Structures are given as structure tokens and as C-alpha cells.
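Structural description and commentary
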Amino acid sequence: MLQTIIDEIGAQMRGEEDRGKVADYIPELSCIDPRQFALSVCLASGEQFSTGDADQHFSMQSISKVFTLAIALGRLGEGLWRRVGREPSNSAFNSIVEVELSAGRPRNPFMNAGAILVTDAILAKGVPRHTLAELLHFIRAAAGDDSILINPVVAASEKATGDRNWALAHYLRSCGNLTNTVDLVLGTYFHQCAIELSCAQLARAGRFLAGIQSGPPLIAADNVRNINALMMTCGHYDGSGEFAFRVGIPAKSGVGGGILAVVPGAASIAVWSPGLNSFGNSKLGTQALELLSKRLGLSLFEPEPFRLPGVAAA
Ligand code: DON
């Protein structure tokens with residue numbers, strides 16, 4: 001039954017004319033075919049249901065910020081919040097004025113300035129290569145899949161054109177809130193954003209946030225709860241309120257067109273469609289999640305408790 005529902009949503013999305021606009025500020029991403037679409041759902045039962053181009057690899061981009069945050073919280077705990085806030089913002093993901101207004105302490109770890117800072121925190125005084133290996137190890141363990149890799153061409157493409165991120169990192173450093181050199185931090189950040197995986201792999205990688213991964217927990221339950229809260233309030237930047245209104249579950253988007261969404265205790269959901277809306281979030285991805293959420297009653301704000309179709313309440 002769930003397979004039928006997601007197949008129907010996939011068919012509807014494939015027929016959509018207005019697919020949004022593929023990110024072109026990273027040249028290597030500008031040539032992605034916007035007609036692609038995929039949706040994948042992992043359940044607490046261990047089952048996974050997918051539709052569309054679910055095995056096609058795409059660029060993780062800002063979804064990687066969830067995983068660097070998980071590592072940073074595991075390592076630094078509460079100390080991280082001295083350097084970055086946890087409040088939503090109504091500015092764009094790459095806002096410069098916002099960092100100046102907050103005196104170099106970014107409002108949250110998902111805006112670019114905050115994410116650059118988190119990368120600096122996990123880099124500590126280390127070597128970017130080792131930090132990236134640790135990040136890949138974490139994502140591979142979460143997905144149960146060792147084939148996930150970084151695309152160095154995408155990283156180089158963003159390094160060459162990411163002037164806003166260079167500006168943000170230099171500003172953070174001028175405020176004394178970046179411990180490593182801008183070169184080292186952004187070298188790491190551009191590579192973390194260039195991790196590639198498929199929609200099916202992403203849904204599996206998100207299971208630890210839904211609390212449905214078998215095996216030992218990757219991070220403490222407190223940190224899972226905190227990350228989900230931040231995904232709910234800040235995961236779609238200045239579009240987070242609209243996303244909560246329409247979909248109602250914690251989620252994190254990336255300009256590669258992916259979205260990772262979490263139904264705590266029940267499901268990890270990934271969606272991918274490369275065309276973006278005006279907030280820089282996947283247009284059809286958001287639409288598909290809204291449809292899925294309404295059909296299954298996934299929103300955390302639903303008055304009725306969530307139950308999968310065909311599954312009796314406990
Ligand atoms: O830093 C950047 O601009 C990109 N590597 C990531 C931005 C991103 O994915 C924003 N999210 N929707």
C-alpha cells in the first residue's frame with residue numbers, strides 16, 4: 001500500500017511542468033537534468049520503499065550539514081552553542097548581513113556561516129583529509145553502505161566560484177570565531193558538500209535521526225532530539241515556516257535538490273528533484289513531501305497519532 005502511494009506521488013511529480021530552477025551558482029551542478037525525481041522511505045520495520053530515479057547519485061550539498069553537526073555535537077556537546085546559535089532566521093542560506101548582525105556568532109548551524117563554523121569545530125587543529133574521512137565513515141555507517149564518495153570535480157567547481165562562502169569565512173575569522181585558516185575550513189566544507197549519494201542511500205543514512213537504525217546508536221538520543229528540532233526550525237532557512245506549515249516534519253534541504261526528512265520513531269524519508277524554488281530548496285521535493293505527509297498524516301502537528309496505512313495501532 002505504501003508502495004502504491006509513493007508510486008502515485010512519483011507519477012504525479014513526473015507530470016509536473018514547472019520543476020523549478022537547477023542551482024547554477026555552482027557550475028558543475030548547472031547541467032543536471034531537472035526531469036529527474038526520486039522518493040524513498042525507510043520504516044522502523046526495516047522495510048524500504050522507493051520510486052523513480054532512487055539509485056541515481058546526486059550532490060548532497062547542505063544536507064551534509066546535518067552529519068557534520070552530529071559529529072560536532074558528539075565531540076563538543078553543549079560547548080558548540082557558545083560559537084553558533086540555534087534560532088531560525090528569515091535571511092537566505094548564504095546571507096552575509098546576518099553574520100554581521102550577530103557579531104560573528106551565526107544564528108544556526110544550517111545557514112552557510114553556521115555550517116562553516118561547525119566544519120571548523122570538527123576540523124579542530126586537524127587535517128581536512130582526516131575530517132572528511134571521519135565524515136564519510138559516519139555517513140557510510142548510517143547508510144550501511146561503503147560506496148558513498150566525494151565528487152572532487154563538484155568540490156573544485158564550488159571552490160572556484162564560492163565567493164560568498166569565502167566572504168563569510170573571512171568575516172567569521174575576523175570576529176575570532178574561526179580557529180583554522182579560511183583555506184583549510186572551506187577546503188573541507190566544499191568537499192563535504194560534494195558528497196554524492198542516491199535517494200535510497202540518503203533515506204537509509206537518515207535512519208539514526210528517526211531512531212530506527214538497527215545496531216548501536218551513532219549518537220546520543222539527546223543529540224538526535226536537538227538535531228531534529230533544528231531541522232524543523234531552520235532546515236529550510238527562510239522557507240522553514242512554510243515547510244513546517246505544508247509538511248510538518250523535521251527536514252534538511254540541499255541545493256543539489258535533495259531533502260532528508262524525519263518522522264521521529266517511525267520513518268526516514270529522502271526525496272530528490274534538482275529544480276529549486278525561490279528559497280533554494282527542491283520545488284518538487286517539497287511538493288512530494290507535502291503530498292506524502294497529507295496522505296499518511298505525517299505532520300507532527302496532526303491531532304491524530306501517525307499510523308502507517310494497513311498497520312494497526314499499538
Ligand atoms: O555553500 C553552498 O552554497 C553550497 N555548497 C550548499 C548550499 C545549500 O545546499 C543550501 N541549501 N539548500
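Residues numbered from 1 in each chain as written. Predicted model: local features only at pLDDT ≥ 70, side-chain atom pairs only at ≥ 80, totals over all residues. Heavy atoms only, no water.

1. A few points about the pattern of salt bridges
Pairs can form between side chains of opposite charge whenever their charged atoms are close. Taken as a whole and assessed by the stated rule, the structure comprises 11 salt bridges. Lys-283 is the salt-bridge partner of Asp-18, the closest N and O atoms lying 3.8 Å from each other. A residue pair is termed long-range when its members are at least 10 positions apart, and Asp-18 in the loop between helix H1 (2–14) and strand S1 (21–22) and Lys-283 in helix H13 (residues 283–296) qualify at 265 residues. As a salt-bridge pair, Asp-24 and Lys-21 come within 3.1 Å of each other at their nearest N and O atoms. Accessibility expressed as a relative area gives 46% for Asp-24, which makes it partly exposed. Judged by its relative accessible area of 53%, Lys-21 is exposed. (Salt bridge = Lys/Arg side-chain N within 4 Å of Asp/Glu carboxyl O. Helix = DSSP H or I, 4+ residues; strand = E, 2+ residues; numbered from the N terminus. Buried < 20%, exposed > 50% of the residue type's maximum accessible area, 1.4 Å probe, protein only.)

2. Quick notes on unusual backbone geometry
Among all residues except glycine, the phi angle is most often negative; among peptide bonds, the trans geometry is most common. Phi angles above zero are rare outside glycine, and Gln-61 is one such case at about 50°. Structurally, Gln-61 is set in the loop between strand S4 (57–59) and helix H2 (64–76). What makes Gln-61 buried here is its relative accessible area of 2%. The backbone phi angle of Tyr-237 is positive, close to 55°, even though this residue is not glycine. Here Tyr-237 is to be found in the loop between helix H11 (221–234) and helix H12 (240–246).

3. Let's talk about helix H5 (residues 128–143)
Over its 16 residues, H5 runs 22 Å from end to end, which matches the ideal 22 Å to within 8%, given 1.5 Å per residue. Just beyond H5, the residue with positive phi is Gly-144, at close to 65°. (Expected span 1.5 Å × (residues − 1).)

4. Observations regarding the site of the ligand
With respect to spatial proximity, 15 residues lie near the ligand, and among them Tyr-25, Gln-61, Ser-62, Glu-158 and Tyr-189 are the closest. Between Asn-165 and the ligand, the recorded distance is 2.9 Å, taken from a side-chain N or O atom to an oxygen atom. Within the backbone of Gly-280, a nitrogen or oxygen atom sits 3.2 Å from a nitrogen atom of the ligand. Taking 340 Å² as the accessible area of the ligand by itself, protein coverage stands at 99%. Shared between two domains, the shell around the ligand takes at least three residues from each, and those domains are domain 1 (2–58 + 197–296) and domain 2 (62–195). (Near = heavy atom within 4 Å. Polar contact = N/O pair within 3.5 Å; in protein donor to acceptor, adjacent residues only side chain to side chain. Areas by Shrake-Rupley, 256 points an atom, 1.4 Å probe, with all protein chains shown as cover. Domains from an automatic or database assignment.)

5. Focus on the side chain of Glu-290
Examined against the element boundaries, Glu-290 turns out to sit in helix H13. You can call Glu-290 buried: its relative accessible area is 18%. If we ignore the near neighbours within four places in the chain, the residues touching Glu-290 are Arg-246 and Val-247. (Contact = heavy atoms within 4.5 Å.)

6. Considerations on the environment of Gly-258
Note that Gly-258 resides in strand S8 (residues 258–263). On the basis of relative accessibility, which here comes to 1%, the residue Gly-258 falls in the buried class. Residues Gly-258 and Glu-87, spaced 171 residues apart in sequence, show a C-alpha to C-alpha distance of 23 Å. If we ignore the near neighbours within four places in the chain, the residues touching Gly-258 are Phe-58, Ile-63, Lys-252, Ser-253, Val-271 and Trp-272.

7. Side note on the confidence of the model for the protein
Residues with a pLDDT of 70 or more make up 97% of the protein, whose mean pLDDT is 95. Long-range and interchain partners of residues 310–314, a stretch whose pLDDT sits below 50, account for 2 contacts in this model, where long-range means more than four residues apart. (pLDDT = per-residue confidence, 0-100.)

8. Here's the deal with the sheet that holds strand S9 (residues 267–272)
Reading across from one edge, S3-S2-S9-S8-S7 is the order of the 5 strands in this open sheet, with antiparallel pairing throughout. Two strands in the sheet have a free side with no partner beyond their single neighbour: strand S3 (48–52) and strand S7 (251–253). On average, each strand axis in the sheet is tilted by 10° relative to the strand beside it, whichever way the strands run. Looking at chain direction, S8 and S9 are connected through 6 bridges and run antiparallel. From the neighbouring strand, Ile-259 faces S9, where its bridge partner is Val-271. The strands touched by H1 within the sheet are strand S2 (38–43) and S3, with S3 carrying the most contacts at an inclination of about 20°. In this fold H13 packs onto S2, S8 and S9, with an angle of close to 145° to the strand it touches most, S9. (Pairing = 2+ DSSP bridges. Axes fitted to C-alpha atoms, helices over the stretch in contact; angles between N-to-C directions.)

9. Re the sheet that holds strand S5 (residues 149–150)
Read from one edge of the open sheet, 3 strands run S4-S6-S5, paired in antiparallel fashion. Edge positions in the open sheet fall to S4 and S5, since each of these has one partner strand only.

10. Examining the packing of aromatic side chains
Per the stated rule, a full pass over the model turns up 8 aromatic pairs. Between Phe-58 and Trp-272 the ring centres are 5.0 Å apart and the planes differ by 10°, which places this aromatic pair in the stacked class. With Phe-58 in strand S4 and Trp-272 in strand S9, this residue pair connects regions lying 214 residues apart in the sequence. The pair formed by Phe-58 and Trp-272 is uniform in burial state, with each residue classed as buried. Here Phe-67 and Phe-208 contribute two aromatic rings whose centre-to-centre distance is 5.8 Å and whose plane-to-plane angle is 50°, an arrangement assigned as tilted. Residue Phe-67 is located in helix H2, and its partner Phe-208 is located in helix H10 (residues 207–210); the two are separated by 141 residues in the primary sequence. In terms of burial, Phe-67 and Phe-208 fall into one category: buried. In this structure an aromatic cluster arises from ring pairing among Tyr-25, Phe-93 and Tyr-237. Over the face of the ring belonging to Phe-110 we find Lys-252, whose NZ or CZ atom lies 5.7 Å from the ring centre. (Phe/Tyr/Trp six-rings, centres within 6.5 Å; stacked < 30°, edge-to-face > 60°. Lys NZ or Arg CZ within 6 Å of the ring centre and 35° of its normal.)

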